[in-house]
Each structure stands twice: as C-alpha cells, then as structure tokens.
Amino acid sequence: MSERSGLTDRRGTADRRFRRSALAGAVLAAVLGGGAILAACGTGGQDGAAAADTAPAKLSVADPYIPLPPAGGMGAGYLTVRNDGGPDQLVKVSSPAAGSVTIHRSTASTMEQVSGLDVPAHGALQLARGGTHLMIMDWQKAPALGDELELDLTFAKSGTISVKVPVKELTYRPGQS
Ligand SMILES: [Cu+2]
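No experiment lies behind these values; they were computed from the predicted model shown. (Residues numbered from 1 in each chain as written. Predicted model: local features only at pLDDT ≥ 70, side-chain atom pairs only at ≥ 80, totals over all residues. Heavy atoms only, no water.)

Thoughts on the overall build of the protein
Then comes step 1: Counting its regular elements, the protein contains 2 helices and 10 strands.
Then comes step 2: In sequence order, the secondary structure elements of the protein are arranged as α-α-β-β-β-β-β-β-β-β-β-β.
Then comes step 3: Burial status across the protein gives 33% buried among its 177 residues.
Then comes step 4: Across the protein, every contact between residues at least 6 apart in sequence was considered, and the portion connecting residues at least 24 apart equals 69%.
Then comes step 5: Carbon and sulfur atoms provide 55% of the accessible area of the protein, an area that totals close to 11,000 Å². (Helix = DSSP H or I, 4+ residues; strand = E, 2+ residues; numbered from the N terminus. Buried < 20%, exposed > 50% of the residue type's maximum accessible area, 1.4 Å probe, protein only. Contact = heavy atoms within 4.5 Å. Areas by Shrake-Rupley, 256 points an atom, 1.4 Å probe, with all protein chains shown as cover.)

Some remarks on the coordination of the copper ion
Geometry sets the ideal angles at a metal, namely 109.5 degrees for four tetrahedral donors and 90 or 180 degrees for six octahedral donors.
Then comes step 1: Surrounding the copper ion are the protein donor atoms His104 (ND1), Met111 (SD), His133 (NE2) and Met135 (SD), which sit 2.1 to 2.2 Å from the metal.
Then comes step 2: Because the angles between the 4 donor atoms bound to the copper ion fall within 97 to 122°, the donor set is best described as tetrahedral.
Then comes step 3: Here the donor residues of the copper ion are spaced in sequence according to H-x6-M-x21-H-x1-M. Of this pair, His104 sits in strand S4 (residues 98-106) while His133 sits in strand S8 (residues 133-139); the two residues are 29 residues apart in sequence, bridging distant segments of the chain. The exposure classification of His104 matches that of His133, with both residues buried. (Donors = N, O, S within 2.8 Å, 3.2 Å for Na, K, Ca; no water. Tetrahedral: all angles 85-135°; square planar, octahedral: opposite > 155°, others 65-115°.)

Remarks on the pairing of strand S10 (residues 159-168)
Then comes step 1: Pairing of strand S1 (residues 59-67) with S10 involves 2 bridges; the strand directions are parallel. Looking at the pairing, Pro67 lines up with Lys168 of S10.
Then comes step 2: Pairing between strand S9 (residues 148-155) and S10: 8 bridges, direction antiparallel. Of the residues in S10, the one forming a bridge with Phe155 is Gly159. (Pairing = 2+ DSSP bridges.)

Here's the deal with the pattern of salt bridges
Then comes step 1: Under the counting rule described, the total for this entry stands at 1 salt bridge.
Then comes step 2: The shortest N-O distance in the salt bridge between Arg105 and Glu112 comes to 3.0 Å. (Salt bridge = Lys/Arg side-chain N within 4 Å of Asp/Glu carboxyl O.)

Details of the environment of Gly123
Then comes step 1: Tracing the backbone through its elements, the reader meets Gly123 in the loop between strand S6 (117-119) and strand S7 (124-127).
Then comes step 2: Residue Gly123 is classed as partly exposed on the basis of its relative accessible area, which comes to 26%.
Then comes step 3: When neighbours within four sequence positions are excluded, Gly123 is seen to be in contact with Val81, Arg82 and Asn83.

Observations regarding the side chain of Asp147
Then comes step 1: Relative to the elements of secondary structure, Asp147 occurs in the loop between S8 and S9.
Then comes step 2: One buried charged residue, Asp147, remains without a salt bridge, the closest side chain of opposite sign being Lys141 at 4.0 Å.
Then comes step 3: In this structure, Asp147 is in contact with Lys141, Ala142, Val165, Pro166 and Val167, ignoring residues within four places of it in sequence. (Lys, Arg positive; Asp, Glu negative; His and termini not counted.)

Examining the side chain of Ser100
Then comes step 1: Looking at where Ser100 falls in the secondary structure, it is placed in strand S4.
Then comes step 2: With a relative accessible area of 18%, Ser100 lands in the buried category.
Then comes step 3: Ignoring anything within four residues of it in the chain, the contact list for Ser100 reads Met135, Ile136, Met137 and Asp138.

A short note on the confidence of the model for the protein
Then comes step 1: For the protein, per-residue confidence averages 80 on the pLDDT scale, and 69% of positions sit at 70 or higher.
Then comes step 2: A low-confidence stretch, residues 1-16 stays under pLDDT 50, and its non-local contacts, those more than four residues away or across chains, total 2 contacts.
Then comes step 3: The model gives residues 27-48 a pLDDT under 50, and that stretch makes 2 contacts with residues more than four places away or in other chains. (pLDDT = per-residue confidence, 0-100.)

What follows is the structure in structure tokens.
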C-alpha cells in the first residue's frame, strides 16, 4: 500500500476492488448455476447434454401468488416454473388485469428489469421474495384479497401459459394455507 497515493489513486484502488468482488460474484453465480445443471444431467456425457438441449421443455407453474399491493401501488408476482424437459426461457409476461408486467431481478441494493429468465432443463425457475420477481403496475382495478388474476407467461419454445394467480396477504409464503 502506498502512503503517498493521492485521491485519484485511492479511488482507482477502490474501483478495482469493487470490480474484483463483482467479478467474484459473477464467477460464483456461474459455478452455482453450472452445478445445478451438472446435477440435473449428471449421468449424460456430451451426447446426453446435446440430447437434453433439443428435447422439448415440459413446463408447469406451481405456487403462483401476488402479495396484496398497497392501494394504487405496484405489485409483485411470485411463482415457480417446473420443467421436466429441455431448456426454455421465460421471455414475456402480461396480464389482462394490469397494463404493465415486467420481469425483475433483485440486486444487493436495487432491482433491474431483465429481458428474459432461463428455465433450466429438468429443473425449475423460481421467482421468489428477494430474488427474481414480476413487477405489476397499472392495475385495471385495485386487487383485493382473494382475487384471482390471470398472468400470461410466454416462453421462447413453449409458447404462452396462462395461470390464475391468487392475491394473498402481504406476509404469505408458499406452503402456508
Ligand atoms: Cu421489481
């Protein structure tokens, strides 16, 4: 460490440190993601992996819910997409109940819109609190507890799957009744 480094140098060091930790996070995410795929396709060699990639996806949606949004405010949507087939990608979500539904990813301090989310082969895509979620705005009518709202999930290969999504208490977690 240089005692005499000026403000610019220290800034540079901090910046490099930040980049390194961001890179480490990306590598870790890649390792974890790769691990999940390996676990799912563990017995297949290269041929097996190639076969899995062209197999049709077999998707089903589990545990969808929307925590009751504040009056007039934006809401979040959570659900799990299960896949018993080849890989697919969630590319668009819309709803007759709302003017805008976007796919979001939470980062450490904020969230950002993403254009799509992978549904891994023989795995699941989870949209859950603190992670990826749907952001719903411009309600046609303010949602109330017990409402069932339609979400239309469009996948790159499987087309559109429509689900009825119940509006739950703010504290609701899947698995509770
Ligand atoms: Cu969001």
